[in-house]
2 protein chains.
Amino acid sequence: MRKRVALPVLASDALSSIAYAPDEILLTLALAGVPATALSPVVGLAVVVVMVVVTLSYRQTVHAYPSGGGDYEVVTRNLGAGAGLVVAAAILLDYLLTVAVSVSSATTYVTSVLAPLQAYRVPLAVGLIAVLATVALAGRASSGRLLAVVGQLFMVSIGLLAVVGAVRELALGGLPAAQSAGLEVVPVPAHDEALATIGGAFLVLRAFSSGAVALTGVETITTAVPTFRRPRAANAALTLVMLGAIASILLMSVLWLARVTDVRVVADPAQQLRVSGAPVGENYHQDPVLHQVAQAVLGGEVLPAVVAVLTAAILLIAAMTVFHRFPRLAGQLAKDELLPRHLWMRGNRVSVANGIIALAVGSAVIVWVAQADVVRLIALYLVGVFISFTLSQAGMVRHWTTVLHVEQDRKARRAARSSRRINALGLVLTSLVLVIALMTKLTRGAWVSLLVLAVGVALMALTRMHYADVRRRLAVPDDARLAALPARVHALVHVARLDQPTVRAIAYARATRPSTLECVAVELDTAESARLRAQWRAAGVPVPLTFLHAPDGDMLHPLLEHVAAVRRSSPREVVVVYLPEYVVRHPWQRILHNASARRLQARLRQVPGVVVSSVPFQLATADVAHAKDHDA
Amino acid sequence: MRKRVALPVLASDALSSIAYAPDEILLTLALAGVPATALSPVVGLAVVVVMVVVTLSYRQTVHAYPSGGGDYEVVTRNLGAGAGLVVAAAILLDYLLTVAVSVSSATTYVTSVLAPLQAYRVPLAVGLIAVLATVALAGRASSGRLLAVVGQLFMVSIGLLAVVGAVRELALGGLPAAQSAGLEVVPVPAHDEALATIGGAFLVLRAFSSGAVALTGVETITTAVPTFRRPRAANAALTLVMLGAIASILLMSVLWLARVTDVRVVADPAQQLRVSGAPVGENYHQDPVLHQVAQAVLGGEVLPAVVAVLTAAILLIAAMTVFHRFPRLAGQLAKDELLPRHLWMRGNRVSVANGIIALAVGSAVIVWVAQADVVRLIALYLVGVFISFTLSQAGMVRHWTTVLHVEQDRKARRAARSSRRINALGLVLTSLVLVIALMTKLTRGAWVSLLVLAVGVALMALTRMHYADVRRRLAVPDDARLAALPARVHALVHVARLDQPTVRAIAYARATRPSTLECVAVELDTAESARLRAQWRAAGVPVPLTFLHAPDGDMLHPLLEHVAAVRRSSPREVVVVYLPEYVVRHPWQRILHNASARRLQARLRQVPGVVVSSVPFQLATADVAHAKDHDA
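Residues numbered from 1 in each chain as written. Chains lettered and ligands numbered in written order. Predicted model: local features only at pLDDT ≥ 70, side-chain atom pairs only at ≥ 80, totals over all residues.

Caption draft 1: Examining the overall build of chain A more closely. A count of helices and strands for chain A gives 24 helices and eight strands. Whereas a compact globule of 632 residues would reach a radius of gyration of roughly 26 Å, chain A reaches 33 Å, over 25% beyond that. Looking at chain A as a whole, 49% of its 632 residues qualify as buried. Contacts spanning at least 24 positions in sequence make up 81% of the contacts within chain A whose residues lie at least 6 apart. (Helix = DSSP H or I, 4+ residues; strand = E, 2+ residues; numbered from the N terminus. Rg over C-alpha atoms; globule rule 2.2 N^0.38 Å. Buried ≥ 20, exposed ≤ 12 C-beta atoms within 10 Å, placed from the backbone. Contact = placed C-beta atoms within 7 Å.)

If you want it as structure tokens, here you go:
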């Protein structure tokens, strides 16, 4: 993949956070009133510092683990399976929330342009998830080219916005005020003390941790290294650095423009915003910061709408990439027996489709419960993201320490030491953000994330234990007599009526030359049985037919009883039960056939020493076979 | 069964209609105002005439068809499979609606006693259905004795009510007025013309057809003849006549008491009832006729409440009996291939449970859609009931005609002719009611019943056609070479890993001494494959292991390809695919195992000439087997 194509698609996840990260910083600060929002560039700068460090840290990861295993691989290899399990759960939750946050934010931009849709935000968001899932289900060959163009247009448009804004502000006499500039902001009672108090400092920390949501998606590129052109690691690392730089510049630009145009964004508009002393009311629709900035800088209706549409598009592309990455991650985790093992079948359509549907349903439920409220969702989002960031950095520090234990070459040792310093700095900063996020968001919904993570970790640990337990119990003992064979085979054909499938089952059973062969029918109705007996004799079937008595009209018990009796009389014999099965053409016809065969099979599986052989007869080919017989 | 026990339980369906039939007559007549309700005894008498004739007609059926096949058997035998199909659909719908009507009516009585529950009528009705279904699922041994006692108490209580009412009215100076006697009844605009017009006559006919709902359930006894004491038919016939007599007396008594106590019951209380000129309002709760009569006749609170509770109980018993009869009917229809064939397993718990759940869900949906409104439900109910009544009577007429064709004995001929006259009268009267019901109820919901019946008939006809088609295509041709065997058996064991289930599958495959035996694994991961190959060699498995290449990481295609290649190279060989299967103890563990085996099996069923043999390995027994091996 070329960088020009790779960057916009892979980076959509990281870049799209510009749609909601500035809002997070501003509305948190605005809890203490307008003066506090003057701190936004400082908070933004702190976020940018973390962004730069994390970007450089992940640059190390790209070089050290170019296989695309991402955080999960780094943590599992360096910190062990337990930490790997926690990261696995965190990433799965991260995927669900990336879709939920991106789609909810996209909905905000759509409704900023199309105001009448504002009452339908939740169904709109759920509908968008359904559309994304349908697209993901329909085609593997999603047109990366088109997505790349949209991504490039988005970057260019935000870049132009910044340039136009800067020129107008600095050279052409100043920008006009934003639409919300005239509103009064009422501080929330608990936060109206001076910013200099401890509460104020706490609020700034909270704004900082909220703004750190701008970092989400940076790690995506580490999972995509194998898709880059050679030299893969170098190209991926360069892309990553470009991405960090662009994201930082965009974030600072938007925050600066919001400040000079006096954008007012608050957590609760109905309570906190007033027009000439009167509350704005429940019907006030608060446009996101980026949209308000675009309106002030570009003026008119059309250009801001174009920016909003591109923003919604990049958010949806970010969600879309998750739909492609999710089945791959599920496969990786299934291979390590953290998820049902059969999900580890890359390229298998059923597995992929199940993954896509699970992701869509999960994220739709989250969107619905959180009522597509981006602020609420981000509180859930941050903790999981920074748990995997922190563990990943810790893993990298351990990685370099291990390298230093074995590496002899002086130059390589120097490089490793320098890399370790970078990752250590990353570890310090990401764990700092994690602690702040836990402190400031725990009661605001982050506890839900922790609970979900704990349950996820428990389920995956149980799954792994179950597989390990089964493997241990089923291991072939060293002293096993592999050559020992059952002495005899007792074959048994279940007969419901005399038709071609039954005849075929009997022929196939006879072809295996069993020691004993019997046909067994259950007598549910004397008249029916008499008819079957007569047919049997007339057709000259070369195997005798035994009727089992069914005292209570249930056919399962007599058959199971009979099999049990055979097993008792010769325990070293294998019993093979042949079941003629009807394979019909249409799914709706299936409920009309094989119900008793299915039930019998389910019960026979519980009996040791019994093999259940289904002999399918394809109804579609019956006519052809008929015709052939007559031709012959 | 003794008559004393049989009557209250079997007859609960027929007797319980006293809970809603009087209301139907009165509220229909009240559409034209209070003077019209004076006609209620006349209308009641007309219903009683039909009741007597239908009872006598069914007495003929009991003697002629003592096997308990009911209307379905009578119609199928005499009028052919097509008419039988219509009756089958009508009876299935009748069962659903009997539960819906009985439970909804029971809810009315419960809320008459416990007024605070009036706001929860629909959830209460749905909850009662759930309780009935649970009881039906729990036990076959439902205490018939207790139900009989409740039924007897109900009959005695209504009988006492009639006697006390008659004595008070005729000997002790007259009954007090009912609680609703003082209300003014406003005729509905369309019906306020004089009763003498055509519209008035039409209304009387409508009241008559509505009152005919009192007949529902009379046919129940014809399906229960085999459960009576000997002489079965005679005892059943006597029970039937007693039932008809009691139901007629109860209906007339209640109608007469309602008239002398001036009970006011209307279709739409909020519109039609006024207190001193003002509407009674939306919150007025209209008690059913029987409850109002009980209040006026018995006085106080306690005794009327006892009657209401007994009435609710008999209604629930009526619904309960349907839960017991429904699986039996489903079995009968399944035997005739109108429903999936496997339902014809009397006594099979799964079939019975499925039937009970289907009935509960279906009737709950009906109750919910109709908002537990008895009047609305009865409009749906009548048409289906009278379609089966009419067809059944027509069938009986044909039956006697056939008898007269062959019978020589003079006395028997006379008896048959007399019976035919009774059934012919029944046919005339029931078809009259059917026509009136269609005329008066078609736009009031009966069209829904007709639509459901049509869909039911179509589905059952399609099912029967499908089975007939399959039977024809699968019939063993007369010239079939039943002794012809496939030349060779190619056995193939699917290997995912080397463990005890795989070892067992190989041993069992070898025990059948196939012409060719190979073990096949799909290579999804080079490292895994190398490990498996090494294990295979180390364990000394006596069968070579073939690896199939999986270019797209999907394991199904290579296996299917391989089987297809084997089939192509020797088309007269049977291919037997052995699949080791893990049988785990807990259902939740199932999702962790066998997914690929299941998928493979589903795909292999489509390939002609392939037998799929699952070799189950019970994990629960693995430890035991281990221990044994070590003991030995």
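Caption draft 2: Region of interest: the packing of helix H5 (residues 40–64) of chain A against helix H16 (residues 374–406) of chain A. Residue and element names in this part refer to chain A. As a packed pair, H5 and H16 sit with axes 11 Å apart at the nearest point and diverge in direction by 55 degrees. With respect to H16, the element H5 is oriented oblique. The two elements H5 and H16 meet at a crossing, and its hand is left-handed. Contact residues: H5 offers Val54, Ser57, Gln60, Thr61 and Ala64, while H16 offers Phe389, Gln393, Met396 and His399. Of the residues assigned to the contact of H5 with H16, the class counts are four nonpolar, five polar and no charged. (Axes fitted to C-alpha atoms, helices over the stretch in contact; angles between N-to-C directions. Parallel < 35°, antiparallel > 145°, perpendicular 65-115°, else oblique. Left-handed = near helix turned anticlockwise from the far one by under 90°. Nonpolar A, V, L, I, M, F, W, Y, C, P; charged D, E, K, R; others polar.)

Caption draft 3: Spatial organisation of the interface of chain A and chain B. Facing the 69 residues of chain A at the interface are 67 residues of chain B. Counting residues per element, the ones that place at least two in the side of chain A that touches chain B are helix H18 (446–474), helix H19 (500–511), strand E7 (573–583), helix H23 (595–604), strand E8 (610–618) and helix H24 (619–631) of chain A. For the side of chain A that touches chain B, a count of residues per class yields 39 nonpolar, 16 polar and 14 charged. The pairing of E8(A) with strand E8 (residues 610–618) of chain B spans three bridges and is antiparallel. Paired with A:Val612 across the bridge in E8(B) is B:Ser614. (Pairing = 2+ DSSP bridges.)

Caption draft 4: Summary view of the sheet that holds E8(A). Pairing in this open sheet of 10 strands is mixed, and the strands run E6(A)-E5(A)-E4(A)-E7(A)-E8(A)-E8(B)-E7(B)-E4(B)-E5(B)-E6(B) from one edge to the other. Each edge of the sheet is formed by a strand with only one pairing partner; in this case those strands are strand E6 (545–549) of chain A together with strand E6 (545–549) of chain B. The mean inter-strand angle of the sheet, taken between neighbouring strand axes irrespective of direction, is 30 degrees. Where strand E4 (residues 488–494) of chain A meets E7(A), six bridges bridge the pair, whose relative direction is parallel. Bridging from a neighbouring strand, A:Arg488 pairs with A:Glu573 of E7(A). The sheet contacts of helix H23 (residues 595–604) of chain B involve strand E4 (489–494), strand E7 (574–583) and E8 of chain B, and relative to E7(B) the element is tilted by about 155 degrees.

Caption draft 5: Representation of the domain arrangement of chain A. The domain architecture assigned to chain A consists of domain 1 (3–272 + 286–414 + 424–466) and domain 2 (488–631). Using only C-alpha atoms to locate each centre, domain 1 of chain A and domain 2 of chain A end up separated by 60 Å. (Domains from an automatic or database assignment.)

Caption draft 6: Just the sheet that holds strand E3 (residues 278–279) of chain A, in detail. All names here are of chain A. Strand order in the open sheet made by the three strands is E1-E2-E3, with antiparallel pairing throughout. Looking along the sheet, the strands with just one partner apiece sit at the ends: strand E1 (184–185) and E3. As judged from the two bridges shared by E1 and strand E2 (residues 273–275), these two strands associate in the antiparallel manner. Looking across to E2, one finds that Val185 is bridged to Leu273.

Caption draft 7: Focus on the environment of A:Gln286. Residues and elements named next belong to chain A. Residue placement: Gln286 occurs in the loop between E3 and helix H13 (289–298). Take Gln286: there are 23 C-beta atoms within 10 Å of it, and that puts it in the buried class. The spatial distance from the C-alpha of Gln286 to the C-alpha of Ala270 is 9.8 Å, given a sequence separation of 16 residues. Not counting residues up to four positions away in its chain, the partners in contact with Gln286 are Val265 and Pro269.

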